[in-house]
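Residue strings, one per chain:
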Amino acid sequence: MRHNLKVACEIGIKVTASLWLLLLAAQQAQSDTLKPEVAVMAGPDWLKLIWRKPLVNTSQPCNITYVSVDGFSAPVHVDNVMSNFTHFNVTLKPLMEDSEYSVEIVWRTTSGQISRMILIARTLYIPLERVINVKVENKTRLDINNYPLPKSTVEVSWSLLSQSSWSLLSQLATYEVNITKPVSGLVVYRNVTLPDSDRVCIEQVLDHYTVYIATVRAISRGHLGPVSMGYTFRTDEGLPSLPLNFRFIGHTHNAVQVAWSPPLYVNGVPNGYELSCVKIKDVDGAWQTEGDYLHMYPTIADRVYSVTGLAPQTYYWCLLAAKNNRYLGHQEQLYSFTDYGMLSLSVCLSVKIHLLS
């Protein structure tokens, strides 16, 4: 009797376990059949979810939440999406190009159970367009004395190939601006601008009256767009530097002779020099100018110049500045003097002869 009871219990347990496994399998199968089948189509700034198999165990709409995996965007919620219709679809936009998104679909079954599924999808990458219409405009900056500053200032502007470009509207991150020397290709300036910029002002970086090439390209999330056509330009003329080694080399009773070397930088088209002389006298231990300035204009080739027509036995203040077609440079200064006149020299000789005799 006990043996039969034991066998019966074992058979009952096995039957119960089998029934329970069958029930779980049936529930799992039913759950699988109730899950939607969602296909994903991707564009550069959108994802489209297409229900291939609708939710048949609920008449309530579902909720969708999507967020970029890299964390560049905040979660976006789309509520009350009807999902129990065949071939129903929903488009999620605007999204970022070439970005991975996590999409969570949540729904409530007729039994009140909350179910969810998570999809991972990526938007497409569209190559960036070539930047066009690159232009450079000189923006001369002057100091309080209306002299140009030591370095040139320019403004670089540009545009995309198409103003309705998707890349321009929603995708573009920055622009890279490069200024290079034409022969050596040396990059003398590089800057990355803000996304909404179509120009950049390069303040006091470039040399005056120098040829450069400007190029611009778009950068989007690490992708480099094609480089624009190079725009060749020349910066404005600037102030010539001081003439070098300005010196006094000789004098007579009515002339002084000066010499110099060319300036290190003319910063423009050379246009000779301006040499000015004025009388000076000692007043209480300080030099003061007297009379009008005499202005002379040596040529580019001149390195030695004689200032004639001066008064004998007089001190002069000489000023020399280099010129280009636009500016007169700062003046280098020199003090010089003329010799005794012939009459004075004769008087001195007579006095000396008389004393010797």
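The preceding data block contains the structure.
**Quick look at the pairing of strand β21 (residues 315-324)**
So, step 1. Within β21, nine of the 10 residues are buried, leaving the element largely enclosed by the surrounding structure.
So, step 2. Relative to β21, strand β18 (residues 270-283) is paired through nine bridges, and the arrangement is antiparallel. Looking at β21, one finds that C277 is bridged to C318.
So, step 3. Pairing of β21 with strand β22 (residues 332-337), which is carried by six bridges, proceeds in the antiparallel orientation. Paired with C318 across the two strands is L334, which belongs to β22.

**Digging into the pattern of salt bridges**
So, step 1. With the rule as written, the count across this model stands at nine salt bridges.
So, step 2. Measuring nitrogen to oxygen at the nearest pair gives 2.3 Å for the salt bridge that ties K151 to D207. Here K151, found in the loop between β8 (131-138) and β9 (152-160), pairs with D207, found in the loop between β12 (199-206) and β13 (211-220); they are 56 residues apart in sequence, far enough to count as distant.
So, step 3. Residue D198 is joined to R199 by a salt bridge in which the shortest nitrogen-to-oxygen separation is 3.3 Å.
So, step 4. Of the residues examined, D198 reaches a relative accessible area of 38% and is grouped as partly exposed.

**Quick word on the sheet that holds strand β20 (residues 304-307)**
So, step 1. Spatially, the three strands line up as an open sheet ordered β16-β17-β20, and their pairing is antiparallel. Taken across any chain shown, the strands that pair with only one partner, and hence form the sheet edges, are β16 (244-251) and β20. With direction set aside, neighbouring strand axes in the sheet form an average angle of 25°.

**Regarding unusual backbone geometry**
So, step 1. Although it is not a glycine, Q204 sits at a positive phi angle of roughly 50°.
So, step 2. With respect to the helices and strands, the residue Q204 is situated in strand β12.
So, step 3. In the Ramachandran plot, N245 falls in the positive-phi region, its phi being about 55° despite a non-glycine side chain.
So, step 4. With respect to the helices and strands, N245 occurs in strand β16.

**Describing the sheet that holds strand β4 (residues 76-81)**
In a beta sheet, neighbouring strands pair by backbone hydrogen bonds and run either parallel or antiparallel.
So, step 1. Sheet architecture is open: four strands sit in the order β4-β3-β6-β7, paired in antiparallel fashion. The open sheet is flanked by β4 and β7 (114-122), the only strands paired with a single partner. Strand after strand, the sheet turns through a mean of 20° between neighbouring axes, direction not considered.

**Topic: the side chain of S152**
So, step 1. Of note, S152 is situated in strand β9.
So, step 2. Look at S152 and you get buried, because its relative accessible area is 3%.
So, step 3. Each residue touching S152, except ones within four places of it in the same chain, is listed here: N138, I202, E203, Q204, V205, L206, D207, H208, T235 and D236.

**Describing the environment of T180**
So, step 1. Counting through the fold element by element, T180 comes out in strand β10 (residues 174-180).
So, step 2. Put simply, T180 and Y212 are 32 residues apart on the chain and 5.7 Å apart in space, counted from C-alpha to C-alpha.

Cut-offs used in this document
- Residues numbered from 1 in each chain as written.
- Predicted model: local features only at pLDDT ≥ 70, side-chain atom pairs only at ≥ 80, totals over all residues.
- Heavy atoms only, no water.
- Buried < 20%, exposed > 50% of the residue type's maximum accessible area, 1.4 Å probe, protein only.
- Helix = DSSP H or I, 4+ residues; strand = E, 2+ residues; numbered from the N terminus.
- Pairing = 2+ DSSP bridges.
- Salt bridge = Lys/Arg side-chain N within 4 Å of Asp/Glu carboxyl O.
- Axes fitted to C-alpha atoms, helices over the stretch in contact; angles between N-to-C directions.
- Contact = heavy atoms within 4.5 Å.

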